[in-house]
Amino acid sequence: MSGHEIKRRDFLKVMGWGGVGATLAGCDMPTTVTLEEGKEEVVSYMSPEEFVIPGIGIYYASTCQQCSAGCGIYGRVREGRVLKLEGNPASQINGGKLCQMGQAGVQTHYNPDRITKPMLRKGKELVEVSWDEAMAELDKRVGKSSSVDGQRVAWFSGSMSGHQSVLLDAYLESVGSKSHFVYEAINSAVSRAVNAEMLGDATPHYRFDKAALLLSFGADLLGASSSPVHYSTQYGEFRSAPRGMHVQIEPSMSLTGANADLWQPVIPGTEGVLAYGLINMLVNKMGYDASGLSLEVRGLIGKYDPAYAAKVTGISEERIEKIAGLLKSKSPSLVLAGTSTEGQRDGYNATAAVTLLNVILGNVGKTIESSGTFPFPQMAAKAGSSRDLLSFASALGKKQYDVVFFHGTNPVHTAPNYLGLVDNLADVPFKVTLSMFLDETAAVSDLVLPLLSSLEDWGTHVADVGGSTQTTDVTIQQPLMKQLYDDTRGFGDIVLSLLKARGVEEYTGFDDYYAYLRDAFSSTPEAITGGLGTKAFWQGSLQKGAVSIQLDKGALQSNPFASEVSEHKADPSYPMHLAPSARLGMWDGRHANIPWLQEAPDQISKVVWESWAEIHPSTAAKMGVTNGDMIKVESRQGAIKVKVYVHRGVHPNVVAVPMGRGHEQYGRYAKGRGVNPLKILSQVTENKTGELALYGTRVKVSNASDKGTLIHMGDSESQVGRKLVSTVTAEVFKNTEGGGNSVA
Amino acid sequence: MSLSNLLNDWTRYRQGIEEGGFHDYEHIFGMAIDLNKCIGCNACSIACYAENNLAVVGEEKFAKDQGMHWLRIERYWDEPDLGADDQEFQEHGASFLPMMCQQCNAATCEPVCPVAATYHTPDGLNAQVYNRCIGSRYCSNNCPYRLRYFNFYSYYETSWPAPLDQQLNPDLSVRDKGVMEKCTFCIQRIRVAKDTAQREERELVDGEFTTACAQTCPTSAIQFGDLQDPNSKVSQLWKQYQVKLGTTEQSKQNKELRGYRVFESLNTEPCVMYLDRVREV
């Protein structure tokens, strides 16, 4: 590196602090730090005396990687082992709290099914090889002297951010690849697109703690959402006096729905019509002003009168009027759309209709705030979508890639059968998976590189959701213990060696990812370090677990647009709707290898260790099945057999089969357990965004004539008149604890 | 039971703090759980598994009700207080109830133990001495809350295949078969806090430590503290909601005020107060 002069702006870009010009104006390049000097400061980050005080547990800050919310954690370390994770109280995301997936992070780390050595396909089998051999193979395929065509290299990952993202971008640039697919089965891509268009901010802050009414069209804020703990802490405040009311409209009860004051079942795909029916009632009957809206929007509102909405949705006019009345009387409110609304052929338009409610009700700016602009776009979160899965599958079909890297996601498990992913992947000459586990995707790869766990590795992360309107955190992930397996490597380290193999000069000077991160911190703009010395800033950041970044001020716009929602059509041969619901716990299937979470009763059905299908008692009666009996759920793409759980939290036309189980690989706890509803999804995509329509699959169900028992917690689902959970009305609560329902 | 025990006058243990009872307790650790805030997410339960070396028993044993969840989230579908139960849909959602050992001050499990393996500590805790337990299971039979869990097998043989065992908390034991176990209010955390306070020659400070479940609860529905310390958050909550120890039926000035103890009419004297779930109907 010596003698090679790097221009300041390039330097900042290498270090991830590249941004728009205005942001960096006035930020002085640290005068005393060069890359060389930064390197000299590197000390072993595993100095044992720092970690080991016999008998005493010490807490170190890091970042949770169990989902992409980016919660701050404290790891309790004793005798060099991490024993327990707690929330980091300083975190803006989770304020010291953690969900069950975060708590189970230690079982991902200590999982007995981790892969400990690189594996290379020789003949039909994946066999363990040395890192030298693995890297030599990589070099042969994508190294500097290889004949690889960069256009034919793709990277397929889960959501990512921070300096790992910066390095990966640099690598893909060095190869000449423009194909980075970012995929999450559980995502909010449609809402983002709508928010960007209508509010000018893809991820505005939702402040239901300020709302008097939360109306959710299937948004599972407390469960499978973009930041479950963040939203749950807010929900705690929302429910404190003056207690806000919560109405949830969805096909099958989510954890969020289970907490609603009013839970309203709905046929998936009719939410848009319902939203317009509510708007129609608000404008025509309740005096809301629509004169500011375009003629086109007003025309559309007129079209969906309550009688029509009632006919389409099967929800009575009185009920629609009741909800509209609540929206009027409880202000400000917050109306949100979730996967069941987004995941339809016209999910974008339905979500736009839901968002339009916020505009008409005047919630924008009150319970929906601007999230500001993160000034370092290189590090900003790349949030996953399922559109990337679909375009990846289609590119595979056209044989566009010679080399594909997988990391942080398991598409072979979560992709629907119709995409033919496994067959098409067979035609890709070289597939590399960076993973801790031999999951379904790793199993079909040609080279598997074993990763360090998130509790052993370095990283930085920028949360996509959460934080305040003024600042957001770049959170730091630091190793909480020495790596368990010598032959596993960090993600950043691997990408760095790939960069070196490409001979990219800016990166050749770094011994490892840690050295790179140290340098990145040394080059942090002074506006962020607050003038602290390099070492003090680094250590302070490690202790706090985060670097607070001032956001560029943003402002919400209001651009309501017309979004016609198509009429819901019945499908006589497949009369039921499939709800492949997501749960806090198994998530998209990534936590099926955690024994604690397999044995944690599902929040709704209380089932453990296996899959189940939720149906309404009336549906069950028609089919002649009771709890535990096997049914067959069949779509045009295939069928699954699964035991039923019967309860009244499902629409009679819906069968809900939670995703997450049904693994064919993925270790002893996951493999061969339960079914995977995602496999039988029909070929339905959202028209505008190209997202996979998760709730767009029609199925038929039949009695599989196999009596069984569900493995679940609790013998009684009824309190049998005893005072176990006593309930009082909100009126009583208001009388005794005050507040009323209006925050204004 | 010794003769002196028999001759002792135990009636003061039937008196509330305000009536002058319980003076020989150093602390009475208790909880306040707000069911208006509990969302049933299960974070507390997994935190408990992580903190207390709870065994994973697997599906076959779980099916026989042998799950070791010291803290479980019960979920009920009916709402007796909201009247009729014949709606077509679950319109008010679910009723969640986090249940852990209620640390009863008049615990029904204690007097039936033939070997005094379960007894009351000066911290007001219902303790379980694993070394003394002979596995008669009388205590769990006698627990009206069904919150005691028996080691029918040596779960450690299968529950933590290496390197999962490296996660085990060295501050407490792993239990072997034949032993009863249950929620301890994270007694290992209490010990550390008390030892630290003693070393620093001071009293325990409210909030300087808490249980694993209360620490992780995303909505802060669970509050933990010393009921004997009138200034602790938990005491304040009990006072605010007019819930008292030493009674089988709460008599409140304001009858509508929330707050009750589960099965308190059984005179078990539970130290966990629940604040009623709230629904707008």
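Residues numbered from 1 in each chain as written. Chains lettered and ligands numbered in written order. Predicted model: local features only at pLDDT ≥ 70, side-chain atom pairs only at ≥ 80, totals over all residues. Heavy atoms only, no water.

> Break down the overall build of chain A for me, with residues and values.
A tally of helices and strands in chain A yields 28 helices and 26 strands. In summary, chain A has a C-alpha radius of gyration of 26 Å against a globular reference of 27 Å for 744 residues, a match within 12%. Across chain A, contacts joining residues at least 24 apart in sequence account for 76% of those joining residues at least 6 apart. Within chain A, one finds 70 positive and 78 negative side-chain charges whose respective centroids are separated by 5 Å. (Helix = DSSP H or I, 4+ residues; strand = E, 2+ residues; numbered from the N terminus. Rg over C-alpha atoms; globule rule 2.2 N^0.38 Å. Contact = heavy atoms within 4.5 Å. Lys, Arg positive; Asp, Glu negative; His and termini not counted. Charge placed at Lys NZ, Arg CZ, Asp CG, Glu CD.)

> Account for the overall build of chain B, with residues named and values stated.
Secondary structure assignment for chain B yields 8 helices and 10 strands. The C-alpha atoms of chain B give 19 Å as radius of gyration, which agrees with the globular expectation for 281 residues (19 Å, within 12%). Counting only C-alpha atoms, chain B reaches 50 × 50 × 40 Å along its principal axes. Out of the 281 residues belonging to chain B, those deemed buried represent 61%. Within chain B, contacts between residues at least 6 apart in sequence are counted, and of these 63% link residues at least 24 apart. Carbon together with sulfur atoms contributes 48% to the accessible area of chain B, which is approximately 11700 Å² in total. Across chain B, the 28 positively charged side chains and the 39 negatively charged ones have centroids separated by 3 Å. (Buried < 20%, exposed > 50% of the residue type's maximum accessible area, 1.4 Å probe, protein only. Areas by Shrake-Rupley, 256 points an atom, 1.4 Å probe, with all protein chains shown as cover.)

> With reference to specific residues and values, describe the packing of helix α11 (residues 271-284) of chain A against helix α13 (residues 306-313) of chain A.
Residues and elements named next belong to chain A. Running from N to C, α11 and α13 cross one another at 160 degrees; their axes reach a closest spacing of 8 Å. Compared by their axis directions, α11 and α13 come out roughly antiparallel. Once α11 is placed against α13, the crossing between them reads as left-handed. Touching Val273, Leu274, Gly277, Asn280 and Met281 of α11 are Pro306, Tyr308, Ala309, Val312 and Thr313, all from α13. (Axes fitted to C-alpha atoms, helices over the stretch in contact; angles between N-to-C directions. Parallel < 35°, antiparallel > 145°, perpendicular 65-115°, else oblique. Left-handed = near helix turned anticlockwise from the far one by under 90°.)

> How would you sum up the sheet that holds strand β6 (residues 153-157) of chain A? Please name residues and give values.
The pairing of strands in a sheet happens through backbone hydrogen bonds and is either parallel or antiparallel. All names here are of chain A. Reading across the sheet, the 7 strands line up as β5-β4-β16-β15-β14-β6-β7 and stay open at both edges, with mixed pairing between neighbours. The strands lining the two open edges of the sheet, one partner per strand, are β5 (125-128) and β7 (179-182). Sheet twist, expressed as the average angle between the axes of neighbouring strands with direction ignored, equals 20 degrees. Looking at chain direction, strand β4 (residues 119-122) and strand β16 (residues 447-450) are connected through 2 bridges and run antiparallel. For Met119, the partnering residue across the bridge sits in β16 and is Val448. (Pairing = 2+ DSSP bridges.)

> A description of the sheet that holds strand β12 (residues 333-337) of chain A should follow, citing residues and the corresponding values.
Residues and elements named next belong to chain A. Read across the open sheet, the 4 strands follow the order β11-β10-β9-β12; overall the sheet is parallel. For this open sheet the edge positions go to β11 (262-265) and β12, each flanked by a neighbour on one side alone. In this sheet, adjacent strand axes meet at a mean angle of 10 degrees when their direction is disregarded. For strand β9 (residues 213-217) and strand β10 (residues 245-250), the ladder comprises 4 bridges, and the chain directions are parallel.

> Hey, could you go over the domain arrangement of chain A for me, with residue numbers and the actual values?
Residues and elements named next belong to chain A. According to the domain assignment, chain A contains domain 1 (189-369) and domain 2 (576-703). Counting residues at the interface gives 30 residues for domain 1, matched by 29 residues for domain 2. Buried area between domain 1 and domain 2, both sides added, is near 2100 Å², and the carbon and sulfur share of it is 69%. Our enumeration of links across domain 1 and domain 2 arrives at 8 residue pairs in polar contact (both at pLDDT 80 or more). Of all the elements in the fold, those that place two or more residues in the side of domain 1 that touches domain 2 are α9 (189-199), β11, α15 (339-342) and α16 (347-361). Residue classes in the side of domain 1 that touches domain 2 are distributed as 16 nonpolar, 10 polar and 4 charged. (Domains from an automatic or database assignment. Buried area = accessible area lost by both parts, 1.4 Å probe. Polar contact = N/O pair within 3.5 Å; in protein donor to acceptor, adjacent residues only side chain to side chain. Nonpolar A, V, L, I, M, F, W, Y, C, P; charged D, E, K, R; others polar.)

> Please set out a nonpolar patch on the surface residue by residue, giving values where relevant.
Residues and elements named next belong to chain B. Together, Leu3, Leu6 and Leu7 make up a nonpolar patch on the protein surface, roughly 370 Å² of accessible area in all. When you line up the elements, Leu6 lands in helix α1 (residues 3-7). For Leu6, a relative accessible area of 55% corresponds to the exposed category. (Patch = residues over 30% accessible without salt bridge, like charges linked within 9 Å, V, L, I, M, F, W, Y side chains within 5 Å. Salt bridge = Lys/Arg side-chain N within 4 Å of Asp/Glu carboxyl O.)

> Pulling in residues and values, what's your account of the packing of aromatic side chains?
Residue and element names in this part refer to chain A. Enumeration over the complete set of coordinates arrives at 40 aromatic pairs over all chains. Judged by centre distance (4.5 Å) and plane angle (10 degrees), the rings of Trp155 and Phe405 are stacked. One end of the pair, Trp155, is in strand β6; the other, Phe405, is in strand β14 (residues 403-407), with 250 residues separating them in the sequence. For Trp155, a relative accessible area of 0% translates into the label buried. The class for Phe405 is buried, based on a relative accessible area of 0%. Geometrically, the ring pair formed by Trp155 and Phe491 is edge-to-face, given 6.3 Å between the ring centres and 80 degrees between the ring planes. Separated by 336 residues along the polypeptide, Trp155 in strand β6 and Phe491 in helix α21 (residues 491-501) bring together distant segments of the chain. Like Trp155, the residue Phe491 is buried in the burial classification. (Phe/Tyr/Trp six-rings, centres within 6.5 Å; stacked < 30°, edge-to-face > 60°.)

> I'd love a proper account of the side chain of Ser232 of chain A, names of residues and values included.
Along the chain, Ser232 of chain A turns up in helix α10 (residues 228-239). The buried category is assigned to Ser232 of chain A, whose relative accessible area is 2%.

> Quick one: what's the story with the state of the cysteines, residue by residue and with numbers?
Residue and element names in this part refer to chain B. Counted by the stated rule, this structure contains 0 disulfides over all chains. You can see Cys213 has no disulfide; the closest cysteine sulfur is in Cys186, sitting 6.2 Å from it. By relative accessible area, which is 9% here, Cys213 ends up buried. The structure places no disulfide on Cys271, whose sulfur is separated from the nearest cysteine sulfur, that of Cys104, by 7.5 Å. (Disulfide = S-S within 2.5 Å.)

> Could you give an account of the interface of chain A and chain B, with specific residues and numbers?
Interfaces are often described in size by the accessible area the parts lose on coming together. The interface of chain A with chain B comprises 93 residues on the first partner and 81 residues on the second. For the pair chain A and chain B, the summed buried surface comes to about 7500 Å²; carbon and sulfur atoms form 54% of the total. Of all residues in chain A, Trp596, Glu599 and Arg648 of chain A bury the most surface against chain B, accounting for 11% of the area lost on that side. Where chain A meets chain B, there are 8 salt bridges. Measuring nitrogen to oxygen at the nearest pair gives 2.5 Å for the salt bridge that ties Glu59 of chain B to Arg673 of chain A. In this assembly, chain A and chain B are joined by 51 residue pairs in polar contact (both at pLDDT 80 or more). Considering only residue class, the side of chain A that touches chain B consists of 44 nonpolar, 28 polar and 21 charged. The sheet contact formed by strand β26 (residues 727-729) of chain A and strand β10 (residues 277-279) of chain B spans 3 bridges and is parallel. From the neighbouring strand, Thr727 of chain A faces β10 of chain B, where its bridge partner is Arg277 of chain B.

> Run through the packing of helix α8 (residues 162-175) of chain A against helix α23 (residues 513-522) of chain A, naming residues and quoting values.
All names here are of chain A. In contact at an axis separation of 11 Å, α8 and α23 are set at 110 degrees when each is read in the N-to-C sense. Between α8 and α23, the angle is such that the two are roughly perpendicular. In this structure, α8 uses His163, Gln164, Val166 and Leu167 to contact α23, whose residues at the interface are Tyr513, Tyr516, Leu517, Ala520 and Phe521. Residues of the contact of α8 with α23, tallied by class, amount to 7 nonpolar, 2 polar and no charged.

> Would you mind going over the nonpolar core in detail, with residue names and values included?
Grouped together as the largest cluster of nonpolar side chains are 300 residues, with contacts concentrated most on Tyr171, Phe405 and Val655 of chain A. Both domains that furnish three or more residues to this core are identified here as domain 1 (189-369) and domain 2 (576-703) of chain A. In this structure Tyr171 of chain A touches Val142, Trp155, Phe405, Val495, Leu498, Leu499 and Arg502 of chain A, once residues within four positions along its chain are discounted. Formed by 14 residues, the second largest nonpolar core is a distinct cluster that contains Tyr25, Val234, Trp238 and Val243 of chain B. (Core = buried A, V, L, I, M, F, W, Y, C linked by side-chain atoms within 4.5 Å.)

> Account for the side chain of Thr256 of chain A, with residues named and values stated.
Take Thr256 of chain A: it is sitting in the loop between β10 and β11. A distance of 3.0 Å separates the side chain of Thr256 of chain A from the backbone nitrogen of Leu222 of chain A, its partner in a polar contact.

> So what's going on with a negative patch on the surface? Residues and values would help.
Among the surface-exposed residues, Asp305, Glu317, Glu318 and Glu321 of chain A lie close enough to one another that they form a single negatively charged patch. Along the polypeptide, Glu318 of chain A turns up in helix α14 (residues 317-329).

> Pulling in residues and values, what's your account of the pairing of strand β8 (residues 222-226) of chain B?
Two faces, one strand: in a regular strand the side chains alternate between the faces of the sheet. Residue and element names in this part refer to chain B. The buried fraction of β8 amounts to 5 of the 5 residues, a majority that puts the element mostly inside the structure. Inspection of the sheet shows strand β1 (residues 29-34) paired to β8 by 5 bridges, in the antiparallel sense. Counterpart to Met31 in the pairing with β8 is Phe224.

> So what's going on with the pattern of salt bridges? Residues and values would help.
According to the stated counting rule, one finds 48 salt bridges over all chains in the structure shown. Between Arg668 of chain A and Asp113 of chain A there is a salt bridge whose closest N-O contact spans 3.0 Å. Residue Arg668 of chain A is located in the loop between β24 (654-656) and β25 (698-703), and its partner Asp113 of chain A is located in the loop between α6 (105-109) and β4; the two are separated by 555 residues in the primary sequence. Look at Arg668 of chain A and you get partly exposed, because its relative accessible area is 45%. What you see here is one network of salt bridges that share partners, running through Arg76, Arg78 and Glu79 of chain A together with Asp171 of chain B.

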